[in-house]
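Structural description and commentary
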Amino acid sequence: MAALCGGVVGSSFCRNHQLFRLLHKSFIGRLGCNHVAAQHTAPSETGSAQEIIIPRKKKWNEEAVLQALASTVNRDPTASHYRFQDDAFLTPKTSSEFKLFSQSQEAGKNAAEYVVNTYPKYFTKDYAEPHVPCLMPDTLKPQVSDVSEGALKELIQLRKVRQAVSMYDQLLQAGTAVSLEMTNDLLDLICFYGDQDPQQEETPDQEKSEDGEEQELPPKSRRGRSRKLEVWRKDNNAERIFNLMAERSERSYSALIRGMVKYGAQLKAFDLYADMLNNRMSVDVNTFNALIIAAPEVRQKYNEKWELIVEILKQMKEQGMRPSLLTFNAVLKSSRRCGPAGRMQALQTLSEMKAVGIEPSLASYNHILAAFYRTVFGPSASFSNVSSDILHKVMDEVSGKSFIARDPDDVHFFNYGMKICCSLKDLGLAYRLHQLLGVGDNWRFLGSPSQEAHYYGRFFHLICMMETVDTVLLWYRDLVPSLFYPNSGAMRDVLQALDTDNRLDLIPEIWKDIKRLGLSNKAGDLVEEVLSLMARDKHSPEVHESFAECALEVKATYGSGEQGQVTLDWTASALGNIASILLAAGRTKQAWDMLPLFKANNRVPAEKLLDDFLSSAMLRGDPQRAVTLVQLSASFSLPATARLAQRVQQECELNEEHKTLLVELEALSHDKD
Amino acid sequence: TVVAERNNSLSRISSAICVTHGLRAIHATATCYKHHAARIRVGKRDKPVTYEQALHPHHIAHRKGWLSQHTSNLEGEAGAAERTVEDVFIRRFIFGTFHGLLADELVIKRRGNVLVVCALLVQKVGPQKIYFLIGYTEALLSYFYKCPVKMEVQMVKDRVVYKYL
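The name that an unreviewed UniProt entry assigns to chain B is Mitochondrial ribosomal protein S24, with the source organism given as Paramormyrops kingsleyae. The record in UniProt for chain B states the following under Sequence similarities (unreviewed entry): "Belongs to the universal ribosomal protein uS3 family." Taken from UniProt, the Subcellular location (unreviewed entry) comment for chain B reads in full: "Mitochondrion".

Chain A goes by Small ribosomal subunit protein mS39 in an unreviewed UniProt entry, where it is assigned to Paramormyrops kingsleyae. The Subcellular location (unreviewed entry) comment attached to chain A in UniProt states, word for word, "Mitochondrion". Taken directly from UniProt, the Sequence similarities (unreviewed entry) text for chain A runs: "Belongs to the mitochondrion-specific ribosomal protein mS39 family."

What follows is the structure, encoded as structure tokens:
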């Protein structure tokens, strides 16, 4: 289509064609775009608000078509996430809708899988060539029903922890010897799942009780993340079976040690490790990794912790085990807990990694950053010991490379890096980090949607603080709402940026976005800030006009809405600001309609507001209104009543009844003094 | 065939020149029924009807498109009957799953291995219910036909009326 129109552009036949007009509009916007590769520079504005004048003849650049096609390759900032349908009714507008819609789609998928697995006979006909195993129904019910090793094997495969344990016990009671392999598999299963049946994929808020037995889950909150970590119980099935075993191989020890470390019984793990050494068994790499991770928990002082880690590494060397990436990452992770000395060790570990020839993964860099910037985020945040070069050096190492996921901790790198950039207020680094995200497959390392939201929230916060309002708006249009839904804090940053650069005339558009994001009903202070910014300064008449329209919309969010709608309570400043905005725009009737609302909602108007009203009433030569104003202020028993009354008497032409009224009110207010 | 008797001398003479004036013959041929396929006949002008329903099948490829797009009707391609049966099942399945929500007939497209079901739905229920049903149909039909099934949904305020017949 683009090629077609590019070819016939000059001809008069196409000039009047409706489709040509549409494409022409988009071409103008696309040709204005920066080069695609320089993604860290902000994208330029599409000509959506410009006047389109179609020339008689246009000379196209030779690469115009290519440029237009190239601009479609990148992310479309107007589209929502790919998992949603491309329809206005079905696109999520707030972050809660995002979560709701994706979860309901998941729930539908789970319902279908339930149906398929409950009635598998309807889904067994195989059309696919070659065979697609993931689209066949799962057999989740065990087939073998008698008590035998085959049944045990099946239960282990189906991940049924409790049933497997009871089957094992039955086998032992019946006297059949269970092979070492099978017992090791069973131990692996129990230790991996911590002696509980694996629960379904659940959100962190849900909690399920398995088979009626209530498990006591002490919520251990680990750094920033609260995960209900199950504790290694004393009367564990794993330990019991382990003790019952006649001969134990390295695999059994290994399974038990790793299970203990995973579920918090580190001391026992070290005891078992000592057992292994006494029995002169060879320990494998994964067990060593688990022990290194557990090391900081079993010693108190920093140097003792590090010594323990070094000892484990020495023993590893004695046994002839080659350290893997996970070993080094475990050392780095543990050295974070080893105090200030741990930092130097961390750097040395990194150089050793390179010497051995293992490419550091994002997790390694994450641990190093954490070791160095730990003091920046603690309760006593100090920049004294921090050499901020580390992040620069890390970025130098990492720029331009595409990573693969090799360690579960890789996903924390980007988030942590952006957190550091934010606290260091370094915008250049932030842009470099963001550019790294665009390389190859690195987008996968953003993690879960909540982690993504944190990342983009911090990035946007940094941009709002440091950049001019034009750049802020460009990034705003690029990121919102396709990549992240800003909360009220982020919108306040935008308003602040507008205020700093004197672009307050854009507030009505920002207000529309605020309403669409659903923040207008929840964040009362954000709405008040919008109003106060509009009411503050003097602007040109068109701007005041747009402000007045906006103020009327804001008025609708306050007060009594339709049934079921959450609305905000009126505050004095909100009422006052709306009234002054309406007055400034010259909409006197609507402004005067605001005054009864003060009384209705029990809010006291400010003195300055009353002065403004008085000035406008006198401009229009309306003494009746002026007198009602003084009456209003008297009803609130404001100290300014006397002054207002005097002003009215001096500046207005009053008839007799007005004068008597005023004299009464003045007397009243004087009495009160 | 039965031929009526010619009593007229005039007709006897004119029969030589084969004029069948006054000749009455009964023709009997096979019955030619009226076409009824996919047609809604004009009535009291109170029945709202969509564009798809209003145009008769002989307008396909002239004013209408196809509701089911696949390549098995091309020369040398196999599987047309299987595709048709699949289509019928899919239409009934989705009619039942999205009960009361379909605004018009489904359009089913096959691109390579993927089955794309394009539906036009009415905005009767909230978006989270629609997403639940979409996730459910996509998964179930994928398991059933062993190929990826995608839905492309467009929401419409009301059934779009083209004419009243």
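The structure having been displayed, the exposition proceeds.
Counting its regular elements, chain B contains 4 helices and 6 strands. In sequence order, the secondary structure elements of chain B are arranged as α-β-α-β-α-β-β-α-β-β. Counting contacts in chain B only where the partners sit at least 6 residues apart, residues at least 24 apart contribute 58% of the total. Summed over its atoms, the accessible surface of chain B is roughly 11,400 Å², and 56% of this surface lies on carbon and sulfur atoms.

All right, on to the overall build of chain A then. Counting its regular elements, chain A contains 31 helices and 2 strands. Counting over 673 residues, chain A shows a buried share of 41%. Looking at chain A as shown, the accessible area adds up to about 36,900 Å², and 52% of this sits on carbon and sulfur atoms.

Residues and elements named next belong to chain B. Read across the sheet, 4 strands follow the order β2-β3-β4-β5 without closing on themselves; strand pairing throughout is mixed. Unpaired on one side and paired on the other, β2 (68-69) and β5 (149-156) mark the two borders of the sheet. Against the sheet, helix α3 (residues 80-97) contacts β2, β3 (107-111), β4 (114-122) and β5, and its axis sits at roughly 135° relative to β3. Sitting on the sheet, helix α4 (residues 127-145) touches β4 and β5, and the angle it makes with β5 is about 150°.

A few words on the pattern of salt bridges. Residues and elements named next belong to chain A. Overall, the coordinates contain 27 salt bridges over all chains when judged by the stated rule. We note a salt bridge from Lys268 to Glu239, for which the minimum N-O separation is 3.1 Å. Within this pair, whereas Lys268 is found in helix α11 (residues 266-278), its partner Glu239 is found in helix α9 (residues 237-244), the two being separated by 29 residues in sequence. Its relative accessible area of 30% is what places Lys268 among the partly exposed residues.

Moving on, we come to the interface of chain B and chain A. Contacts between the two partners involve 24 residues from chain B, matched on the other side by 28 residues from chain A. In this assembly, chain B packs against chain A so that about 2,300 Å² is buried in total across both faces, 71% of it on carbon and sulfur atoms. On the surface where chain B and chain A come into contact, there are 0 salt bridges. Our enumeration of links across chain B and chain A arrives at 8 residue pairs in polar contact (both at pLDDT 80 or more). Residue assignment for the side of chain B that touches chain A shows that the elements contributing at least two residues are α4 and β5 of chain B.

Turning our attention to the confidence of the model for chain B. Averaged over chain B, the pLDDT score is 89; the fraction of residues at 70 or greater is 87%. Two summary scores accompany this predicted model of the complex, namely pTM at 0.76 and ipTM at 0.81.

Among the secondary structure elements, Asn577(A) is positioned in helix α26 (residues 572-584). Once residues lying within four places of it in the same chain are set aside, the contact partners of Asn577(A) are Glu528(A), Leu531(A), Ser532(A) and Ala535(A).

All names here are of chain A. One way to put it is that helix α12 (residues 285-298) packs onto helix α14 (residues 325-335) with a least axis distance of 8 Å and a crossing angle of 5°. Classed by the angle they form, the pair α12 and α14 counts as roughly parallel. On α14, the residues that touch Val285, Asn289, Ile292, Ile293 and Pro296 of α12 are Leu326, Thr327, Ala330, Val331 and Ser334. For the contact of α12 with α14, a count of residues per class yields 7 nonpolar, 3 polar and no charged.

What follows is about the packing of helix α18 (residues 412-424) of chain A against helix α19 (residues 427-437) of chain A. Residue and element names in this part refer to chain A. Running from N to C, α18 and α19 point in directions that differ by 165°, and their axes come no closer than 9 Å. Accordingly, the angle class assigned to the pair α18 and α19 is roughly antiparallel. Note on packing geometry: the crossing formed by α18 with α19 is left-handed. Facing α18, whose interface residues are Phe413, Phe414, Gly417, Met418 and Cys421, α19 presents Leu429, Ala430, Leu433, Leu436 and Leu437. When the residues that make up the contact of α18 with α19 are grouped by side-chain class, the tally is 9 nonpolar, 1 polar and no charged.

Glancing now at the pairing of β3(B). In the case of a regular strand, side chains alternate between the two sheet surfaces. Residue and element names in this part refer to chain B. Residue alternation in β3 divides its side chains into a buried set, Ile108 and Arg110, and an unburied set, Val107, Lys109 and Arg111. Note: β2 against β3, 2 bridges, orientation parallel. Following the sheet pairing, Gln69 is matched in β3 by Lys109. The β-α-β motif built from β2, the intervening α3 and the parallel element β3 has left-handed crossover chirality. Relative to β4, β3 runs antiparallel, the two sharing 5 bridges. Residue pairing in the sheet places Arg110 in a bridge with Leu115 of β4. Linking β3 back to β4 in an antiparallel pair, the connection comprises 2 residues, with Gly112 at a positive phi of about 65°.

This next bit is on the pairing of β5(B). Residues and elements named next belong to chain B. Of the pairings in the sheet, the one linking β4 to β5 comprises 8 bridges and is parallel in character. Bridge assignment links Val122 to a residue of β5, and that residue is Val156. Note that the unit made of β4, α4 and β5 has a crossover that is right-handed.

Moving on, we get to the confidence of the model for chain A. Residues and elements named next belong to chain A. Looking at chain A, the pLDDT average stands at 78 and 84% of residues meet or exceed 70. A low-confidence stretch, residues 1-47 (pLDDT under 50), is modelled with 53 contacts involving residues beyond four sequence positions or located in other chains. In this model, residues 201-228 is a region of pLDDT below 50 whose contacts with residues beyond four sequence positions or in other chains number 27 contacts.

You can see Asp126(A) is positioned in the loop between α5 (95-118) and α6 (149-157). For the pair Asp126(A) and Met136(A), spaced 10 residues apart in the sequence, the C-alpha separation amounts to 8.3 Å. With residues near it in sequence (within four places) discarded, Asp126(A) still touches His131(A), Met136(A) and Lys146(B). For Asp126(A), the side chain forms a polar contact with the main-chain nitrogen of Ala128(A), separated by 3.4 Å.

Okay, unusual backbone geometry next. All names here are of chain A. Geometrically, the link from Glu129 to Pro130 is a cis peptide bond, its omega value of 5° lying close to zero. Along the chain, Pro130 falls in the loop between α5 and α6. In the segment running from Val480 into Pro481, the intervening peptide bond is cis, with an omega of -5°. Secondary-structure assignment places Pro481 in the loop between α21 (469-479) and α22 (488-500). Of note, the phi angle at Lys425 is positive, near 55°, even though the residue is not glycine. Secondary-structure assignment places Lys425 in the loop between α18 and α19. Phi at Asn502 is positive, roughly 60°, even though this residue is not glycine. For Asn502, the location among the structural elements is in the loop between α22 and α23 (507-516).

Conventions adopted
- Residues numbered from 1 in each chain as written.
- Chains lettered and ligands numbered in written order.
- Predicted model: local features only at pLDDT ≥ 70, side-chain atom pairs only at ≥ 80, totals over all residues.
- Heavy atoms only, no water.
- UniProt positions renumbered as here; feature names shortened; annotations may be inferred.
- Helix = DSSP H or I, 4+ residues; strand = E, 2+ residues; numbered from the N terminus.
- Contact = heavy atoms within 4.5 Å.
- Areas by Shrake-Rupley, 256 points an atom, 1.4 Å probe, with all protein chains shown as cover.
- Buried < 20%, exposed > 50% of the residue type's maximum accessible area, 1.4 Å probe, protein only.
- Pairing = 2+ DSSP bridges.
- Axes fitted to C-alpha atoms, helices over the stretch in contact; angles between N-to-C directions.
- Salt bridge = Lys/Arg side-chain N within 4 Å of Asp/Glu carboxyl O.
- Buried area = accessible area lost by both parts, 1.4 Å probe.
- Polar contact = N/O pair within 3.5 Å; in protein donor to acceptor, adjacent residues only side chain to side chain.
- pLDDT = per-residue confidence, 0-100.
- Parallel < 35°, antiparallel > 145°, perpendicular 65-115°, else oblique.
- Nonpolar A, V, L, I, M, F, W, Y, C, P; charged D, E, K, R; others polar.
- Left-handed = near helix turned anticlockwise from the far one by under 90°.
- Right-handed = clockwise from strand over helix to strand, strands pointing away.

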